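Here is how the chains run, residue by residue.
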Amino acid sequence: MAGNLPISWPESNGWLVLSARPDALSEIRSQALARCNAGGAIAYISFATDRGDALIDDMAELGAPAGYLVDLEDSDNNAIHERLSNAGMVVIEAGNDIERMKRLMTHTVMHAMKESLEYGALVLLEGLASSLAGSSLIDASGEICAGLKMVENAAILTEVGSIAESEAAQRILLTQPEMVCIAIERGAALALGPGGQVETWGESAVTFSLGAITNAVAR
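Here the structure is a predicted model, which means the values were calculated and not measured.

1. Section: the layout of surface pockets
Of the pockets and cavities examined, the largest pocket occupies roughly 580 Å³. In terms of lining residues, the largest pocket is bounded by 31 residues, among which Gly-95, Gly-127, Leu-128, Ser-131 and Thr-158 are the most central. Listed by contribution, the elements that provide at least two residues to the lining of the largest pocket are helix H4 (98-104), helix H6 (128-132), strand S6 (136-138), strand S8 (154-158) and helix H7 (167-175). Split into classes, the residues belonging to the lining of the largest pocket amount to 16 nonpolar, 8 polar and 7 charged. Computed from the structure, the second largest pocket encloses a volume of approximately 190 Å³. Around the second largest pocket sit 16 residues that line it, and Pro-22, Asp-23, Ser-26, Arg-29 and Asp-58 are the ones nearest its centre. If you tally residues by element for the lining of the second largest pocket, the top one is helix H1 (residues 28-35), at 3 residues. A class-by-class count of the residues in the lining of the second largest pocket yields 6 nonpolar, 4 polar and 6 charged.

2. Some thoughts on empty space enclosed by the protein
Taken as a whole, this structure holds 3 cavities of 30 Å³ or more when the rule is applied. Empty space within the largest cavity amounts to approximately 120 Å³. Lining the largest cavity are Ile-45, Ser-46, Phe-47, Arg-51, Leu-69, Val-70, Asp-71, Leu-72, Glu-73, Arg-100 and Leu-104. Sorting the residues of the lining of the largest cavity by element identifies strand S2 (42-46) and H4 as the ones contributing at least two each. Split into classes, the residues belonging to the lining of the largest cavity amount to 6 nonpolar, 1 polar and 4 charged.

Rules of the game
- Residues numbered from 1 in each chain as written.
- Predicted model: local features only at pLDDT ≥ 70, side-chain atom pairs only at ≥ 80, totals over all residues.
- Heavy atoms only, no water.
- 1 Å grid on protein atoms, 1.4 Å probe; cavity = no way out; pocket = protein on both sides within 12 Å on 5 of 7 lines; lining within 4 Å.
- Points joined across faces, edges and corners; volume = space filled by probe spheres on them.
- Helix = DSSP H or I, 4+ residues; strand = E, 2+ residues; numbered from the N terminus.
- Nonpolar A, V, L, I, M, F, W, Y, C, P; charged D, E, K, R; others polar.

Right, dumping it as structure tokens:
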């Protein structure tokens with residue numbers, strides 16, 4: 001499948017998993033735990049109002065190993081880098097403020113996550129954090145802007161079932177027709193792994209567009 005998708009992500013030994021907002025019935029987090037590097041702790045980044053309490057409790061119930069919360073507003077960049085780069089799994093829980101997320105996902109954070117991927121870690125992004133990982137996205141003011149480019153040549157939309165019916169997707173494709181729009185329904189995830197491996201997880205659909213062609217990858 002990878003050969004059919006004109007997108008790219010960091011070359012590494014790990015997995016980059018993009019999911020929609022968590023669903024109580026979804027098995028995405030448990031699948032991520034089953035795939036992650038069991039030799040390392042889990043680093044949590046949370047932009048939720050409870051600062052990750054519910055996330056960490058849920059992961060513990062799923063049998064997650066020891067973990068810790070990483071505060072991206074910590075003034076010690078070296079500490080942030082060390083806690084992320086040494087993790088066996090990184091989970092990024094999105095909030096509703098995509099501008100704040102983008103501001104705090106600094107060069108230090110991105111470099112540390114790429115290092116963790118190189119060592120074989122799994123990085124799980126949820127909700128708007130998945131959208132932020134693409135090359136382009138629609139910001140809070142409705143403007144098209146650059147994402148973090150963890151996945152190059154892609155605009156990632158979550159909670160979207162149909163690219164054809166998504167105003168955001170159509171706006172991006174109108175101005176950037178070479179872009180691949182990826183729609184991830186709630187309860188689904190797109191997993192990007194070593195050697196160009198591409199997997200879809202969950203019972204819901206992941207859909208992508210290639211110009212005027214739209215294909216459902218999984219349901």
